[in-house]
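Descriptive analysis of the structure
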Amino acid sequence: QGFVTQQSHFQSTTSLHAVQNGLTSLPKGLSPFEKSLSKSLDLQGTFRTLAATALDRALQDNLLKCEIEFPPLAGGDQSKSQFDDYDNISELNANRDFCVQLAPLLQTKFRPNKDIWFILPDDKECELAKTEWKGQRYQSACRFTSIRAALTAVLDSSTSSSSGGGTEQKGQMALAWGSTLASTLDKLQGGDGILADSSTLDDLSVNDNDSPRLHLVCQPGNGGPVEDWINTKQLHVSAGGTVPTCIVNGALDKVRDGYYPGIFFPALAATTSFYQEFQAVFFLKPLVDKGLYGWVYRVYPEPWQVILQTATTVERGGQSEVKVEDTVALVSETRPSYQEAVQALIQAAS
């Protein structure tokens, strides 16, 4: 499969954006062996810088389906790894904050016309995001909205544009039974059924002057209803398939790898081929197996890396100190399978 294996050793103290052998090295302090160091670093800021540069390059290359995946709670005084306990709300809040701060970094291509649609799973999350992030720098960088509102705007626009004649093929929104029940109960009590202050959502008037546009979708599906994944696909398709979609920490592997059995989730299964077409522009996922620890890593347009991390204790100045060494175990033009990645770690460790 075109794999090129090479062994290169880095110190975890390497510069945050160092490039060795043409490959971006791991950010320092990322290892679980250096938890105290991780708590003193803004790893999320480093991830954003790398992701913004990679996404900008991908958009210049006309990629239309992009994904960003990383540990959302790594770094800072509350740093957590996959070995720690955390709840879905903390994860969603971290992903939301990451996206809000990512949008201004994409200003060269999008900000002048406010053409980034920052799309959260639901209206309530959008309301909370605008409450938490009131600064002009953030609210002027994108349009805060939800999957429901974005898809509704695009479907309404396509209906209007086709009203002059011809056969219209209008898509539909998939509704989660839980939210449908809650919405119905809200309407029975005199509400609008939206379950949030929809006035806080930004206007999504769609017209020819809105191009170019980017749909920046925050954590659809993961920890929420599977309909989020279905509606995110519908949004992309209903927008003509020409508006770039970038999904942040959407756990797309769950869809691609059949985590949800197709016999029970046929509508979700129908999205598999769509999500298999997504390109990872910034991807950082831990890999733990056979007593070894490492990462699957990519910064677009570079190839994929599998990186082994090993820790040793050294004596310095009469004190014990943990030294972390990064070993590039595998470089590949295509994403390695789990088995291939683990085998690369084993070979690098031997």
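Residues numbered from 1 in each chain as written. Predicted model: local features only at pLDDT ≥ 70, side-chain atom pairs only at ≥ 80, totals over all residues. Heavy atoms only, no water.

1. Some words on the overall build of the protein
We apply this condition: Numbering goes from the N terminus for both helices and strands, where a helix is a DSSP run of H or I of at least four residues and a strand is a run of E of at least two. Burial here depends on accessible area, computed with a 1.4 Å probe over protein chains only, as a share of the maximum for the residue type. Under 20% is buried, over 50% is exposed, and the range in between is partly exposed. Two residues form a contact once any of their heavy atoms are found within 4.5 Å. Using the Shrake-Rupley algorithm and a 1.4 Å probe, accessible areas are obtained, with residue cover drawn only from the displayed protein chains.
When you go through the protein residue by residue, the secondary structure sums to 12 helices and 13 strands. Within the protein, the fraction of its 350 residues that count as buried is 50%. Long-range contacts, defined as pairs at least 24 residues apart, comprise 70% of the intrachain contacts of the protein with a sequence gap of at least 6. Accessible surface for the protein amounts to roughly 16600 Å². Of this, 50% is attributable to carbon and sulfur atoms.

2. Side note on unusual backbone geometry
Here the residue pair Y300 and P301 is connected by a cis peptide bond, since its omega of 5 degrees sits within 30 degrees of zero. Considering the arrangement of structural elements, one finds P301 in the loop between β11 (292-299) and β12 (304-316). With a phi angle near 45 degrees, Q219 is a residue other than glycine that sits in the positive phi range. By secondary structure assignment, the location of Q219 is in the loop between β8 (214-218) and α8 (227-238). Although it is not a glycine, N249 sits at a positive phi angle of roughly 50 degrees. Within the element layout of this structure, N249 appears in the loop between β9 (245-248) and α9 (252-256).

3. Concerning the side chain of Q219
Under the convention used in this document: Pairing of N or O atoms within 3.5 Å defines a polar contact, subject to two protein rules: one partner must be a possible hydrogen donor and the other a possible acceptor, and residues neighboring in sequence count only if both atoms are side-chain atoms.
Q219 sits in the buried class, given a relative accessible area of 2%. A distance of 3.3 Å separates the side chain of Q219 from the side chain of N88, its partner in a polar contact. At 2.6 Å, the side chain of Q219 and the side chain of N95 are in polar contact. Those residues in contact with Q219 that sit more than four places away from it in its chain are N88, E91, L92, N95, P121, V248, N249 and G250.

4. Focus: helix α3 (residues 88-102)
Rules: Given a helix with a known number of residues, its expected span is that number minus one, times 1.5 Å.
Its 15 residues place the ends of α3 21 Å apart at the C-alpha level, agreeing with the 21 Å of an ideal helix rising 1.5 Å per residue. When α3 is considered as a whole, its buried residues turn out to be E91, L92, A94, N95, R96, F98, C99, V100 and L102.

5. Thoughts on the packing of aromatic side chains
Spelled out, the test is: What counts as a ring pair is set by centres within 6.5 Å for rings of Phe, Tyr and Trp (its six-membered ring), and what kind of pair is set by the plane angle: stacked under 30 degrees, edge-to-face over 60, tilted for all other angles. By definition here, charges over rings are those cases where NZ of Lys or CZ of Arg is within 6 Å of the ring centre and within 35 degrees of the ring normal.
Using the criterion set out here, one finds 14 aromatic pairs in the structure. Ring centres of Y260 and F265 lie 5.2 Å apart, and the angle between their planes is 75 degrees; on these two criteria the pair is classed as edge-to-face. Judged by centre distance (5.8 Å) and plane angle (85 degrees), the ring pair of Y293 and W295 falls under edge-to-face. Here the two residues Y293 and W295 agree in accessibility, since each one is buried. Linked through ring pairs, F47, F70, F98, F282 and Y297 together constitute an aromatic cluster. If you follow K254 out to its NZ or CZ, it ends over the ring of Y259, 5.2 Å from the centre.

6. Comments concerning the pairing of strand β10 (residues 279-289)
Operational definition: The pairing criterion for strands is at least two bridges between them, as found by DSSP.
Here strand β5 (residues 65-69) pairs with β10 via four bridges, running parallel. Note on β10: the bridge partner recorded for C66 is Q279. Here eight bridges tie β10 to β11, and the two strands are oriented antiparallel to one another. The residue bridging F283 from the neighbouring strand is R298, located in β11. Between β10 and β11, which pair antiparallel in sequence order, lie two residues; one of them, K290, sits at a positive phi of approximately 55 degrees.

7. A look at the pairing of β5
For a regular strand, side-chain orientation follows a simple rule: the groups alternate between the two sheet faces. Burial analysis of β5 places five of its five residues in the buried class, the great majority of the element. Across four bridges, β5 lies against β9 in parallel orientation. In the strand pairing of β9, I68 is matched with V248.

8. Remarks on the nonpolar core
How we decide: We define a nonpolar core as any set of buried Ala, Val, Leu, Ile, Met, Phe, Trp, Tyr and Cys residues linked to one another through side-chain atoms lying within 4.5 Å.
Within the largest apolar cluster, 77 residues are counted, with the highest numbers of intra-cluster contacts made by F47, I68, F118, F282 and L284. By residue number, the principal contributor to this core is helix α2 (residues 43-60), which donates nine residues. Once you skip the residues sitting within four places of it in the chain, F118 turns out to touch R96, C99, V100, C142, R143, F144, T145, L216 and C218. Core analysis: the second largest hydrophobic core is formed by 15 residues, L287, L292, L330 and A341 among them.

9. Things to note about the confidence of the model for the protein
The condition that has to hold: Per residue, pLDDT measures the predictor's confidence, with a range of 0 to 100.
Confidence in the prediction of the protein, expressed as mean pLDDT, is 82, and 78% of residues score 70 or more. Note that residues 165-169 has pLDDT below 50 and, in this model, two contacts with residues that lie over four places away or in other chains.

10. Quick look at the packing of α2 against α3
The criterion, for reference: Only the stretch in contact is used when fitting a helix axis, every axis being a line fitted to C-alpha atoms; angles between N-to-C directions are given from 0 to 180 degrees. Any angle from 65 to 115 degrees is called roughly perpendicular, while one under 35 is roughly parallel, one over 145 is roughly antiparallel, and all others are oblique. When the near helix sits turned anticlockwise from the far one by under a right angle, the crossing is termed left-handed; a clockwise turn instead gives a right-handed crossing. By the convention adopted, Pro, Cys, Tyr, Trp, Phe, Met, Ile, Leu, Val and Ala count as nonpolar, Lys, Arg, Asp and Glu as charged, and the other residues, Gly among them, as polar.
It is at 10 Å that the axes of α2 and α3 come closest, and there the two elements cross at 50 degrees. Here α3 runs oblique to α2, going by the angle between their axes. Between α2 and α3 the crossing geometry is right-handed. Of α3, the residues touching α2 (which contributes Q44, F47, R48, A51 and A52) are F98, Q101 and L102. Across the contact of α2 with α3, the residue classes break down as five nonpolar, two polar and one charged.

11. Quick look at α8
Compared with the 16 Å implied by 1.5 Å per residue over 12 residues, the 16 Å span of α8 between its first and last C-alpha is a close match. In terms of residue burial, α8 counts as a mostly covered element, since nine of its 12 residues are buried. Those residues of α8 not exposed but buried are E227, D228, W229, I230, N231, T232, L235, H236 and S238.

12. Side note on the pattern of salt bridges
This is how the line gets drawn: Salt bridges are defined by distance alone: a side-chain nitrogen of Lys or Arg within 4 Å of a carboxyl oxygen of Asp or Glu.
Considering all chains together, one arrives at 11 salt bridges under this definition. With a closest N to O distance of 2.8 Å, R256 and E67 form a salt bridge. Taken together, the residues R256 in helix α9 and E67 in strand β5 connect sequence positions 189 residues apart. The salt bridge involving K124 is made with E127; its shortest N-O contact spans 3.5 Å. Residue K124 and its partner E127 are both found in helix α4 (residues 123-132); the two are separated by three residues, about one turn of the helix. Residue K124 is classed as partly exposed on the basis of its relative accessible area of 38%.

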